Amino acid sequence: MALNTQKTTTPTAVFADGDYVLYRDPELYWTGQSGHTFVCRVSRVWMSGVYNLTALVSGRRVEYVKPDYMRLLPPVDAMRDIDTAPLHADGAADDMTAAALAWLTQQHATANKLPELPEQR
């Protein structure tokens, strides 16, 4: 009987400087401590494939993080409430976040500044 010496690897995600990620601190997690998972921004990408992060809430720096403990927080998730807002219903704005309302207000102001179409001949 032959031993299987082939190493199994899983693909590793690649993150860019400025990406928002969810980070799980493996030491805190495996020791059962609280506060092990939090949102960060990638502040530095190392050629060796590790990252420096900055925690959004505390500003704490987390250095030399392996990408296995990070998950990308895509913009589509952050903007979902805007994209799916029921704009033509009573009380539509009641369920929207302040950021969504601010974005829609800005879009409305921009749309109103567009020049009128020229008259048809």
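Look up: the structure comes first, before these words.
Residues numbered from 1 in each chain as written. Predicted model: local features only at pLDDT ≥ 70, side-chain atom pairs only at ≥ 80, totals over all residues. Heavy atoms only, no water.

Considerations on the overall build of the chain
No. 1: A count of helical and extended segments in the chain gives four helices and five strands.
No. 2: For the chain, the succession of helices and strands along the chain, N to C, is β-α-β-β-β-β-α-α-α.
No. 3: The 121 residues of the chain split such that 17% are buried.
No. 4: Within the chain, residue pairs in contact and separated by at least 24 positions form 34% of the contacts whose partners lie at least 6 positions apart.
No. 5: With an accessible surface of roughly 10,100 Å², the chain has 56% of that area assigned to carbon and sulfur atoms. (Helix = DSSP H or I, 4+ residues; strand = E, 2+ residues; numbered from the N terminus. Buried < 20%, exposed > 50% of the residue type's maximum accessible area, 1.4 Å probe, protein only. Contact = heavy atoms within 4.5 Å. Areas by Shrake-Rupley, 256 points an atom, 1.4 Å probe, with all protein chains shown as cover.)

A closer look at the pattern of salt bridges
No. 1: With the rule as written, the count across this model stands at two salt bridges.
No. 2: Linking R80 and D77 is a salt bridge whose minimum nitrogen-to-oxygen distance equals 2.6 Å. (Salt bridge = Lys/Arg side-chain N within 4 Å of Asp/Glu carboxyl O.)

A closer look at the pairing of strand 1 (residues 20–24)
No. 1: Burial along strand 1 is one-sided: V21 and Y23 are buried, and none of Y20, L22 and R24, which face the opposite way, are.
No. 2: Here strand 1 runs beside strand 2 (residues 37–45); their pairing, made up of five bridges, is antiparallel. Note that in strand 2 the partner of R24 across the bridge is T37.
No. 3: Examined bridge by bridge, strand 1 and strand 5 (residues 70–72) share three bridges and lie antiparallel to one another. Each bridged residue has a counterpart across the sheet, and for V21 the counterpart in strand 5 is L72. (Pairing = 2+ DSSP bridges.)

Regarding the nonpolar core
No. 1: If you look at the biggest cluster of nonpolar residues, it comprises 12 residues: F15, V21, Y23, F38, C40, V42, Y51, L53, A55, V62, V65 and M70.
No. 2: At the level of elements, strand 1, strand 2, strand 3 (51–55) and strand 4 (61–65) are the ones that each hand at least two residues to this core.
No. 3: With residues up to four places along the chain from it excluded, the contact list for V62 reads Y23, F38, Y51, N52 and L53. (Core = buried A, V, L, I, M, F, W, Y, C linked by side-chain atoms within 4.5 Å.)

Notes on the sheet that holds strand 4
No. 1: Strand order in the open sheet made by the five strands is 4-3-2-1-5, with antiparallel pairing throughout. Bordering the open sheet on either side are strand 4 and strand 5, each of which pairs with just one other strand. When strand polarity is set aside, the average angle formed by the axes of neighbouring strands in this sheet is 40°. (Axes fitted to C-alpha atoms, helices over the stretch in contact; angles between N-to-C directions.)

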